[in-house]
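# Inside the fold
Now for the letters of each chain:
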Amino acid sequence: MNCYLSTSAATHDEVATLDFETVNIFLASSNSGKLREYSELANGSALTIALLPNFTELPPFEECAATFAENAAGKALHYSRFAHEIVLADDSGLVVPALSGAPGVHSARYAGPNGTARDCVQKLLGQMEGKQGTERRARFVCVIAVARQGSILAVVSDFVEGILANEARGAEGFGYDPIFCFPDGSRTFAEISPVEKNRYSHRGKAFRKLAEFLNSLASPLGSATSNSTV
Ligand code: ITT
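Okay, so let's go over this structure. These numbers were taken from a predicted model, which means no experiment stands behind them.

## Digging into unusual backbone geometry
With an omega of -5 degrees, the peptide bond running from Ala102 to Pro103 counts as cis. You can see Pro103 is positioned in the loop between strand S3 (86-95) and helix H4 (117-127). Of note in the backbone geometry, Asn54 takes a positive phi value of approximately 60 degrees without being a glycine. Tracing the backbone shows Asn54 in the loop between strand S2 (47-51) and helix H3 (68-80). Residues other than glycine seldom take positive phi values, yet Ser100 does so here, at roughly 55 degrees. Summarising the element assignment, Ser100 is placed in the loop between S3 and H4.

This is how it looks when you write it as structure tokens:
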């Protein structure tokens, strides 16, 4: 079992050795929805994203911290020890203020260790019964950590606000997308295209911050300390 967050942060010089022309990033994730979204986000940029080789055979990282940031950093550090390239880990989830922040960091296993995404959605709809108006507000949060060989290079985060639908709608996306609506209630994230989701989503916004940071390393005026950690 691994549950820790301790490392030496990369120094400016270590980070600045990135050759931005050839940044290959390995995603450490069991979630195929995340891989699809990151592949699409990196499409056309100088970054390439692929699943970390042999990911399913590597010792798992147990996400037992109380914050998305600690889980993302711990996950990135853990898996970065199994690769030479940069490793990206994403810890994300749905935060519902009217439920004291649940499901939050427990989003993936909200319906128990064997619960499916559909089970999670049904459980959440049950918890929301009788809640109306602003009580149905929800926020998707995404923290991305990138690490290389046991050193954290960057941690960035972002979020998107919406409201919870009364029933599941749409077939796109994954996880809680069928019940996460734009604030005007018009469409759920499962009713929009993957490209449109990436434009508005917590993950798309966080990834663009990461790309901007990596890009700044390629610029003579870039600074590894500005905007590098959120
Ligand atoms: P890895 O840890 O292996 O990456 P995971 O699915 O367990 O995969 P997390 O621990 O970060 O990942 O849990 C994220 C959960 O939050 C995910 O399983 C969904 O239930 C939910 N979630 C996060 N981003 C989402 C999105 O864009 N759309 C819908 N649900 C999302």
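Back to the write-up after that little detour.
## A short note on the environment of Val195
For Val195, the position within the fold is in helix H5 (residues 194-200). Overall, Val195 belongs to the partly exposed group, its relative accessible area being 44%. Considering only alpha carbons, one finds Val195 and Glu37, 158 residues apart in sequence, at a separation of 8.5 Å.

## Quick word on the pairing of strand S5 (residues 151-164)
Along any regular strand the residues' side chains alternate between the sheet's two faces. Among the 14 residues of S5, 11 are classified as buried, and the element is accordingly described as predominantly covered. Alignment of strand S4 (residues 137-148) against S5, held across 12 bridges, turns out to be antiparallel. The residue bridging Arg148 from the neighbouring strand is Ser151, located in S5. Hairpin geometry of S4 and S5 is characterised by an intervening segment of two residues between the two adjacent antiparallel strands and by a positive phi of about 45 degrees at Gln149. Two elements, S5 and strand S6 (residues 180-181), share two bridges in a ladder whose sense is antiparallel. The partner of Ile163 across the bridge, within S6, is Cys181.

So, how was this worked out
Residues numbered from 1 in each chain as written. Predicted model: local features only at pLDDT ≥ 70, side-chain atom pairs only at ≥ 80, totals over all residues. Heavy atoms only, no water. Helix = DSSP H or I, 4+ residues; strand = E, 2+ residues; numbered from the N terminus. Buried < 20%, exposed > 50% of the residue type's maximum accessible area, 1.4 Å probe, protein only. Pairing = 2+ DSSP bridges.

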